[in-house]
Amino acid sequence: MGTKGRAIVGMDVDELVELLNKAFADEWLAYYQYWVGAIVAQGPMRGAVFAELTEHAADELRHAGMLADRIIQLGGTPLLSPEDWYKMTNCGYEPPEDPYVEVLLGQNIEGEQCAIEVYQRLAETTKDTDPLTYNMVLQILADEVEHEEDLQALVEDIHLMKSRHA
Ligand code: FE
Ligand code: FE
Ligand code: MG
């Protein structure tokens, strides 16, 4: 832990670490939901859906790494057991039990909308108290906004394709 780096944070550091660990739990669950969803997805544009979900999985894993690095810098410990992901998550986990692309994409869109709310709140919390965390949160938030748009565009394309072929 960097003592000065921790001292310049203008809010309760333990509370901040807890918020970052909650987001960390979300990222691992999002990672797995995308990773396994890409593999089981069936239906129109399966290839495009696989590519997009696989790319998003990699992004969520990268976000988990960013959060873990910041947690360590702040003198905290990233969650050490997968069972803690379920206890700490904000956004939960939706198993892709129905592999049809539109259902699966709908679940992931809900996940992204939850993530956008979480990072928007974290941005507000850290804006005036911790510029380094704030900067990281903005980078992640930008990715989540892009993810939502990518998924909604895919759903629109699937709808367009179906209406043209009807
Ligand atoms: Fe993420
Ligand atoms: Fe995302
Ligand atoms: Mg994308």
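Residues numbered from 1 in each chain as written. Chains lettered and ligands numbered in written order. Predicted model: local features only at pLDDT ≥ 70, side-chain atom pairs only at ≥ 80, totals over all residues. Heavy atoms only, no water.

**Details of the coordination of the iron ion (ligand 2)**
Our working definition: Any N, O or S atom lying within 2.8 Å of the metal counts as a donor, with the limit raised to 3.2 Å for Na, K and Ca; because water is left out of the atom set, some sites can appear incomplete. Under the DSSP-based scheme used, a helix requires at least four consecutive residues in state H or I and a strand at least two consecutive residues in state E, with every element numbered from the N terminus. Categorising residues by exposure relies on relative accessible area from a 1.4 Å probe, with only protein chains included: less than 20% of the type maximum marks a residue as buried, more than 50% marks it as exposed, and the intermediate range marks it as partly exposed.
The iron ion (ligand 2) binds to the protein through Glu60 (OE), Glu112 (OE), Glu112 (OE), Glu144 (OE) and His147 (ND1); the donor distances cover 2.0 to 2.4 Å. Motif for the iron ion (ligand 2), donor spacing along one chain: E-x51-E-x31-E-x2-H. Taken as an interatomic distance, the gap from the iron ion (ligand 2) to the iron ion (ligand 1) is 3.9 Å; Glu60 donates to each of them. With Glu112 in helix α5 (residues 101–126) and Glu144 in helix α6 (residues 131–165), this pair connects stretches of sequence that are 32 residues apart. The exposure classification of Glu112 matches that of Glu144, with both residues buried.

**A closer look at the state of the cysteines**
The condition that has to hold: The disulfide definition used here is simple: a pair of cysteine sulfur atoms within 2.5 Å.
By the definition in use, this model includes 1 disulfide. Between the sulfur atoms of Cys91 and its disulfide partner Cys114 the distance amounts to 2.0 Å. Across the disulfide from Cys91 to Cys114, rotation about the S-S bond amounts to roughly -85 degrees, and the bridge is consequently left-handed. Pair noted here: Cys91 is in the loop between α4 (82–88) and α5 and Cys114 is in helix α5, with a separation of 23 residues, a long-range link. For Cys91, a relative accessible area of 26% puts it in the partly exposed group.

**Some points on the pattern of salt bridges**
Under the convention used in this document: Here a salt bridge means any side-chain nitrogen of Lys or Arg lying within 4 Å of a carboxyl oxygen belonging to Asp or Glu.
The full count for this structure, using the stated rule, is 7 salt bridges. Two residues, Asp59 and Arg62, come together in a salt bridge whose shortest N-O distance is 3.1 Å. Taken together, the positions of Asp59 and Arg62, both in helix α3 (residues 46–73) and 3 residues apart, correspond to about one turn of that helix. Residue Asp59 is classed as buried on the basis of its relative accessible area of 16%. One salt bridge in this structure joins Arg70 and Asp130, with 3.1 Å as the shortest N-O distance. Here Arg70 is found in helix α3, whereas its partner Asp130 is found in the loop between α5 and α6, with 60 residues between them in sequence. For the pair shown, Arg70 and Asp130 are each scored as buried.

**What to know about a negative patch on the surface**
Here is the rule we go by: Each patch groups residues whose relative accessible area exceeds 30% and which form no salt bridge, using 9 Å between like charges and 5 Å between nonpolar side chains of Val, Leu, Ile, Met, Phe, Trp and Tyr. Computed with a 1.4 Å probe, the accessible areas rest on the Shrake-Rupley method; for each residue, only the protein chains presented here act as cover. We count Lys and Arg on the positive side and Asp and Glu on the negative side, and we leave His and both chain ends out. Note that the charge is assigned to NZ on lysines, CZ on arginines, CG on aspartates and CD on glutamates.
Among the surface-exposed residues, Glu55, Glu146, Glu149, Glu156 and Asp157 lie close enough to one another that they form a single negatively charged patch. Of all the elements, α6 adds the most residues to the negative patch, at 4 residues. Accessibility expressed as a relative area gives 49% for Glu149, which makes it partly exposed.

**Notes on the side chain of Glu102**
Our working rule: Pairing of N or O atoms within 3.5 Å defines a polar contact, subject to two protein rules: one partner must be a possible hydrogen donor and the other a possible acceptor, and residues neighboring in sequence count only if both atoms are side-chain atoms. The contact definition used throughout considers only heavy atoms, calling two residues in contact when any of these lie within 4.5 Å.
Residue placement: Glu102 occurs in helix α5. One polar contact links Glu102 to His159, side chain to side chain, over a distance of 2.6 Å. In contact with Glu102, other than residues within four places in its own chain, are Ile158, His159 and Lys162.

**Examining the environment of Met88**
Along the chain, Met88 falls in helix α4. Judged by relative accessible area, Met88 falls into the buried class, the value being 18%. A C-alpha to C-alpha distance of 14 Å links Met88 and Thr77, two positions 11 residues apart in sequence. Discounting residues that sit within four places of it in the chain, Met88 has contacts with Glu18, Asn21, Lys22, Ala25 and Leu79.

**Looking at unusual backbone geometry**
Located in the positive-phi region is Met45, a residue other than glycine, with phi close to 60 degrees. By secondary structure assignment, the location of Met45 is in the loop between α2 (13–40) and α3. Its relative accessible area of 25% is what places Met45 among the partly exposed residues.

**A word on the packing of aromatic side chains**
The cut-off we apply is this: A pair of Phe, Tyr and Trp rings is counted when the ring centres sit within 6.5 Å of each other, with Trp represented by its six-membered ring. The angle between the planes then sorts it: under 30 degrees is stacked, over 60 is edge-to-face, the rest tilted.
Going through the model one piece at a time under the given rule, you end up with 4 aromatic pairs. For the ring pair Trp28 and Tyr31, a centre distance of 5.7 Å and an interplane angle of 85 degrees mean the geometry is edge-to-face. Of this pair, Trp28 and Tyr31 both sit in helix α2, separated by 3 residues, roughly a single helical turn. Take Trp28: its relative accessible area is 24%, and that puts it in the partly exposed class. With a centroid separation of 5.0 Å and an interplanar angle of 5 degrees, the aromatic rings of Trp28 and Trp85 are classed as stacked. Separated by 57 residues along the polypeptide, Trp28 in helix α2 and Trp85 in helix α4 bring together distant segments of the chain. Residue classification places Trp85 among the buried positions, given a relative accessible area of 18%. Grouped by ring-pair contacts, the aromatic residues Trp28, Tyr31 and Trp85 constitute a single cluster.

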